[in-house]
Amino acid sequence: MDWRRLSRAAVPVATAALLGNAFVGRRSMEWFASLRRPKIQLQMPGFYAVGGIYYLLMLVVVHRAIASGDKDSYRRAMVVLAGNELWNLLFFGRRSTRAGFVGILAFTVPLLRLQASVATDPVSTLALSPYTLWVIGYDIPWTYQLWRLNR
């Protein structure tokens, strides 16, 4: 294993995880807990699990982009990492369910572009596909319902 290449992949992923979660403080979590919840909403351990899995999957995608010299996929992965953290800022930082819904719709564009970019790499495609399906199949309906319940 090339530890240098792995660390080059881990640094931006870990940085995104740390910075993005810096916007989610105790007061934001209190706000979130006070919201009316859609029936499909996960319990907090489920959200934590999905978040952890997301960062691991992105580590795979970023590492493979670095290993193969795929600069386009690497750049797109950086945009997805930044976009995910921007969503945290919009939703938790602004404490806005509407911004969360609009933000997840906007986030879908770079995510789908990254999914298309890694299509020639079966490992990256397999790694990223569950998260892409999660965003489309769960996050969009969940944020929409959350917004509608908490205008």
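Small disclaimer: the values here were computed from a predicted structure and weren't measured.

Participant: Sorry, what's going on with helix α2 (residues 26-34) here?
Facilitator: Turning to α2, its buried residues number three or more, namely Ser28, Trp31 and Phe32. The arc that holds every buried residue of α2, seen down its axis, measures 100°, which confines them to one face. Those residues of α2 that are exposed and angled more than 90 degrees off the buried face are Arg26, Arg27 and Ser34. Structurally, α2 contributes buried residues whose contacts are with α3 (44-68), α4 (71-93), α5 (97-117) and α6 (122-149).

Participant: Could you clarify how one ought to interpret the environment of Leu105 in this entry?
Facilitator: Mapping Leu105 onto the fold places it in helix α5. Under the relative-accessibility criterion, Leu105 is labelled partly exposed at 38%. For the pair Leu105 and Tyr144, spaced 39 residues apart in sequence, the C-alpha to C-alpha distance is 9.7 Å.

Participant: Help me understand the packing of aromatic side chains in this model?
Facilitator: Centre-to-centre distance and the angle between the planes together describe a pair of aromatic rings. For the structure shown, the criterion picks out 19 aromatic pairs. When the centroid spacing of 5.1 Å and the interplanar angle of 50° are considered together, the rings of Phe47 and Trp142 count as tilted. On the criterion of sequence distance, the pair formed by Phe47 in helix α3 and Trp142 in helix α6 is long-range, its members being 95 residues apart. The exposure classification of Phe47 matches that of Trp142, with both residues buried. Connected via pairs of aromatic rings, a cluster forms that spans Trp31, Phe32, Phe47, Trp87, Phe91, Phe92, Trp134, Tyr138 and Trp142.

Participant: Teacher, can you tell me more about unusual backbone geometry here?
Facilitator: Only a minority of non-glycine residues have a phi that is not negative, and only a minority of peptide bonds are not trans. Positive phi values are uncommon outside glycine, yet Arg95 reaches one of about 50°. In this structure, Arg95 sits in the loop between α4 and α5. Note on Arg95: relative accessible area 37%, which makes it partly exposed.

Participant: Sorry if this is basic, but what is going on with the packing of α3 against α4 here?
Facilitator: Two measures define how a pair of helices packs: the angle their axes make with one another and the distance between the axes. Orientation of α3 relative to α4, taken along the N-to-C sense of each, is 160°, at an axis distance of 9 Å. Overall, the two elements α3 and α4 adopt an arrangement that is roughly antiparallel. Crossing of α3 over α4 shows left-handed handedness. Along the contact surface, α3 presents Tyr54, Tyr55, Met58, Val61, Val62, Ala65 and Ile66, while α4 presents Ser73, Tyr74, Ala77, Met78, Val80, Leu81, Asn84 and Glu85.

Participant: Looking at this structure, how should I read the packing of helix α1 (residues 3-22) against α4?
Facilitator: α4 packs onto α1 with a crossing angle of 15° between their chain directions and a minimal axis gap of 8 Å. Classified by the interaxial angle, the pair formed by α1 and α4 is roughly parallel. Judged by the sense of rotation from one axis to the other, the crossing of α1 with α4 is right-handed. Across the interface between the two elements, Pro12, Val13, Ala16, Ala17, Gly20 and Asn21 of α1 pack against Tyr74, Met78, Leu81, Glu85 and Asn88 of α4. In terms of residue class, the contact of α1 with α4 is made up of seven nonpolar, three polar and one charged.

What counts and what doesn't
Residues numbered from 1 in each chain as written. Predicted model: local features only at pLDDT ≥ 70, side-chain atom pairs only at ≥ 80, totals over all residues. Heavy atoms only, no water. Buried < 20%, exposed > 50% of the residue type's maximum accessible area, 1.4 Å probe, protein only. Helix = DSSP H or I, 4+ residues; strand = E, 2+ residues; numbered from the N terminus. Arc of directions from axis to C-beta. Contact = heavy atoms within 4.5 Å. Phe/Tyr/Trp six-rings, centres within 6.5 Å; stacked < 30°, edge-to-face > 60°. Axes fitted to C-alpha atoms, helices over the stretch in contact; angles between N-to-C directions. Parallel < 35°, antiparallel > 145°, perpendicular 65-115°, else oblique. Left-handed = near helix turned anticlockwise from the far one by under 90°. Nonpolar A, V, L, I, M, F, W, Y, C, P; charged D, E, K, R; others polar.

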